[in-house]
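# A closer look at the structure
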Amino acid sequence: AGRVVDRELPRETKAVLRGGPAQPGWNRDIRDPTARDDRLVAAVAANAADDAELSAAQQRMVEGYLRHTACEFISKDVETAVATMHGEPHVILMPTLIGGLGREGCRRFYRDSFIFSMPADVEFVPISRIVGSDTIVEESILRFTHDEEIPWILPGVAPTGRRVEVAVCTVVHMRNYKIAYEHV
């Protein structure tokens, strides 16, 4: 589905990857526990202490990022994950060069290669998070049991049943408190 190597792809390739029109944006308040999974509220609260020294704008950026990752890993909601993204975003997983370009490319990537190809016991162990004026850089350890094919990180590798731990660095650029791009 949505493979991306570089923003400077030929215009014809970009048109194929982008696909259809954009979907409506995110319009729910992160502080409204009735609007989404209560586990997101707990995640935001748990990170609040770590983010106490951030400016209000930086805290809103982190909230936007956590909203997005909750859609990927907790609620597994493709449409809302894409709605947390700004304009014509892109996502790329650097080791495999799998990802999506534009809203439709991101939607295809999340639907066909990422969100529903997640091991049941997947966990991210946070190491550090740096928050700038428009960028978040997060280091973590990704842990899971390789009990199914996982195209976004081990494409073409049959399940081994072994425990996997991988160091991950995620660079997220934000615009208007939404994901503009994500490089993992």
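All figures in this text were calculated on a predicted structure; none of them were measured in a lab.

### Structural notes on the overall build of the protein chain
Assigned secondary structure in the protein chain consists of five helices and six strands. Tracing the protein chain from N to C terminus, the helices and strands come up as α-α-α-α-β-β-α-β-β-β-β. Looking at the 184 residues of the protein chain, the share that counts as buried comes to 43%. Put simply, 59% of the contacts in the protein chain that link residues at least 6 apart link residues at least 24 apart. As presented, the protein chain carries roughly 9500 Å² of accessible surface, and 54% of it is formed by carbon and sulfur atoms.

### Section: helix H5 (residues 102–114)
Two residues of an α-helix separated by three or four positions point the same way, owing to the 3.6 residues in each turn. Counting buried positions along H5 yields 11 of 13 residues, so the element is predominantly enclosed. Buried residues of H5: Gly-102, Arg-103, Glu-104, Gly-105, Cys-106, Arg-107, Arg-108, Phe-109, Tyr-110, Ser-113 and Phe-114, and no others.

### Things to note about the sheet that holds strand S6 (residues 178–183)
Reading across the sheet, the six strands line up as S2-S1-S6-S5-S4-S3 and stay open at both edges, with mixed pairing between neighbours. Looking at the sheet topology across the chains shown, the edges are occupied by strand S2 (98–101) and strand S3 (123–131). The average undirected angle you get between the axes of adjacent strands in this sheet is 25°. Two strands pair when backbone bridges link them, and S3 and strand S4 (residues 135–145) are joined in this way by eight bridges, in the antiparallel orientation. The residue bridging Val-125 from the neighbouring strand is Ile-141, located in S4.

### Digging into the nonpolar core
Formed by 30 residues in total, the largest nonpolar core has its most connected members in Phe-109, Tyr-110, Phe-114, Ile-136 and Trp-152. Put simply, the parts of the chain that give this core at least two residues each are helix H3 (56–73), helix H4 (78–83), strand S1 (85–93), H5, S4 and strand S5 (163–175). With five residues, H3 is the single largest residue contributor to this core. Once residues lying within four places of it in the same chain are set aside, the contact partners of Ile-136 are Met-61, Val-62, Tyr-65, Arg-129, Ile-130, Val-131, Thr-170, Val-171, Val-172 and Met-174.

### Here we look at the pattern of salt bridges
Across all of its chains, the model carries seven salt bridges by this definition. A salt bridge links Glu-104 to Arg-107; its shortest N-O distance comes to 2.8 Å. In this pair, Glu-104 and Arg-107 both sit in helix H5, three residues apart, roughly one turn of the helix. With relative accessibility at 16%, the residue Glu-104 sits in the buried group. Asp-121 is the salt-bridge partner of Arg-163, the closest N and O atoms lying 2.8 Å from each other. Separated by 42 residues along the polypeptide, Arg-163 in strand S5 and Asp-121 in the loop between H5 and S3 bring together distant segments of the chain. Using a relative accessible area of 42% as the deciding quantity, one classes Arg-163 as partly exposed. Through salt bridges with shared partners, one network takes in Glu-79, Glu-104 and Arg-107.

Parameters at a glance
Residues numbered from 1 in each chain as written. Predicted model: local features only at pLDDT ≥ 70, side-chain atom pairs only at ≥ 80, totals over all residues. Heavy atoms only, no water. Helix = DSSP H or I, 4+ residues; strand = E, 2+ residues; numbered from the N terminus. Buried < 20%, exposed > 50% of the residue type's maximum accessible area, 1.4 Å probe, protein only. Contact = heavy atoms within 4.5 Å. Areas by Shrake-Rupley, 256 points an atom, 1.4 Å probe, with all protein chains shown as cover. Pairing = 2+ DSSP bridges. Axes fitted to C-alpha atoms, helices over the stretch in contact; angles between N-to-C directions. Core = buried A, V, L, I, M, F, W, Y, C linked by side-chain atoms within 4.5 Å. Salt bridge = Lys/Arg side-chain N within 4 Å of Asp/Glu carboxyl O.

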